[in-house]
Amino acid sequence: MRQYLARATVFLLLFGACGAGEARDVFLYRGDPLDAAGIEVSAWGDGSVRESQEPGVTGTRSIEFNTKGLFSGAFLTWKNPVEIAEPSAISRFDYLLLRLRFNQTTRLGIEEPGLAPNIKGDYRPLPMDYYGNYFGEDLPMVPKVRRIRVILYSADGRAVSHSVPVVHKTTDEDGWFAVALPLAGFGLTAQSNGFPLQRMAISADIEDKIWIGEIRITTDDSPIYVDSLDDQDVGTQDVIVLVGSADAGITSLLYSWDFDEKDGIQEDARGRVVQVVYRRTGTYTVTLTVRDPDGIKQPASTKAQITVN
Ligand SMILES: [Ca+2]
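Residues numbered from 1 in each chain as written. Predicted model: local features only at pLDDT ≥ 70, side-chain atom pairs only at ≥ 80, totals over all residues. Heavy atoms only, no water.

### Section: the confidence of the model for the protein
Per-residue confidence for the protein averages 87 on the pLDDT scale, and 84% of its residues sit at or above 70. Counting contacts from residues 1-22, a segment whose pLDDT is below 50, to residues more than four positions away or on other chains yields 7 contacts. Taken as a whole, residues 114-119 scores under 50 in pLDDT and shows 7 contacts with residues more than four places along the chain or in a different chain. (pLDDT = per-residue confidence, 0-100. Contact = heavy atoms within 4.5 Å.)

### A closer look at the coordination of the calcium ion
Around the calcium ion, the donor atoms from the protein are Asp258 (OD), Asp258 (OD), Asp260 (O), Asp263 (OD), Gly264 (O) and Gln266 (OE1), and they sit 2.2 to 2.7 Å away. Considering all 6 donor atoms around the calcium ion, the spread of angles at the metal, 51 to 170 degrees, places the coordination shape in the irregular class. Read N to C, the donor residues that coordinate the calcium ion are spaced as D-x1-D-x2-D-G-x1-Q. (Donors = N, O, S within 2.8 Å, 3.2 Å for Na, K, Ca; no water. Tetrahedral: all angles 85-135°; square planar, octahedral: opposite > 155°, others 65-115°.)

### A word on the pattern of salt bridges
Under the counting rule described, the total for this entry stands at 13 salt bridges. The shortest N-O distance in the salt bridge between Lys297 and Asp220 comes to 3.4 Å. Of the two residues, Lys297 is situated in the loop between strand E21 (282-291) and strand E22 (300-308) and Asp220 in the loop between strand E13 (208-219) and strand E14 (225-226); the sequence distance between them amounts to 77 residues. Residue Asp220 is classed as buried on the basis of its relative accessible area of 10%. Among the charged side chains, a network of salt bridges with common partners joins Asp25, Arg99, Glu214 and Arg216. (Salt bridge = Lys/Arg side-chain N within 4 Å of Asp/Glu carboxyl O. Helix = DSSP H or I, 4+ residues; strand = E, 2+ residues; numbered from the N terminus. Buried < 20%, exposed > 50% of the residue type's maximum accessible area, 1.4 Å probe, protein only.)

### Brief notes about the nonpolar core
If you look at the biggest cluster of nonpolar residues, it comprises 42 residues, and the most contacted ones within it are Ile84, Leu96, Leu98, Ile148, Val150, Leu152 and Ile215. When neighbours within four sequence positions are excluded, Leu152 is seen to be in contact with Ile84, Leu96, Arg158, Ala159, Val160, Phe186, Leu188, Phe195, Leu197, Arg199 and Met200. Grouped together as the second largest cluster of nonpolar side chains are 24 residues, Leu242, Ala269, Val276 and Leu288 included. (Core = buried A, V, L, I, M, F, W, Y, C linked by side-chain atoms within 4.5 Å.)

### Concerning the environment of Arg147
Positionally, Arg147 belongs in strand E9 (residues 147-154). A relative accessible area of 22% means that Arg147 is categorised as partly exposed. A distance of 2.8 Å separates a polar atom in the side chain of Arg147 from a polar atom in the side chain of Ser163. (Polar contact = N/O pair within 3.5 Å; in protein donor to acceptor, adjacent residues only side chain to side chain.)

### A look at the pairing of strand E5 (residues 73-83)
Pairing between strand E2 (residues 39-44) and E5: 6 bridges, direction antiparallel. Residue pairing in the sheet places Ser42 in a bridge with Phe75 of E5. Bridge analysis of E5 against strand E12 (residues 196-204) gives 7 bridges, and the strand direction is antiparallel. Along E12, the bridge assignment pairs Glu83 with Pro196. (Pairing = 2+ DSSP bridges.)

Here you go:
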């Protein structure tokens, strides 16, 4: 009963703060002309930025910027600061959601092991002849950019920064990718006394041209769901390609694989698509664990049996 009352109170608070029971949504940019939106853009470092006539997600315009790395891109400045972390409204499931379109895309492949965030955006193609359920052409096109970095500046002189991996999933039909950075990842919580956003800097880990179609604060508490993997019978020396699939709303996800449960769960490979060769016969349990980089949500995992004959 106590728990019920507490939940009811939270519900009322949220209801009161958001009105009409809607999810918390604070729009910062929705594709309107920049003049009308009260936004000014300027280059960050050796990046460049301009208003584009390319339609945004819902509006008639978008913001086009060029980045050459994590310290190069665009500044967006709001003439009237927008409160994004109102203490009575903010939750740990609040995200800064960017809808982005990338100039350079590539076929999803196998991640390079030990990938550093700012080295390169290449995926290794799948082996031509491998044992598995997927063929290369079924894999989605994904941005070459692997990481987006954002710095937020408040009207009262604070600056907070964060970066997230770009999610490896398909776009909407117009090619927009959702890239969501949790406010908690910026250190913004109910204890932050709000955050009147005045300026934002945005960059990416590799050189690219990127369009911003929408920017908003939104809530996403949908849990991480991992699709089950199929058991497989293979031979020794077969190259097995495993493709993970998971969903958690707009949240970026990291895929971590262990190829043999018998010696415990380690990270033998990472990424949505991985390859493994078993050299000895036997039965192996593969474990895929999916988590969000900021640990906002509960990790989820699934297992499959690989029988090597
Ligand atoms: Ca293991």
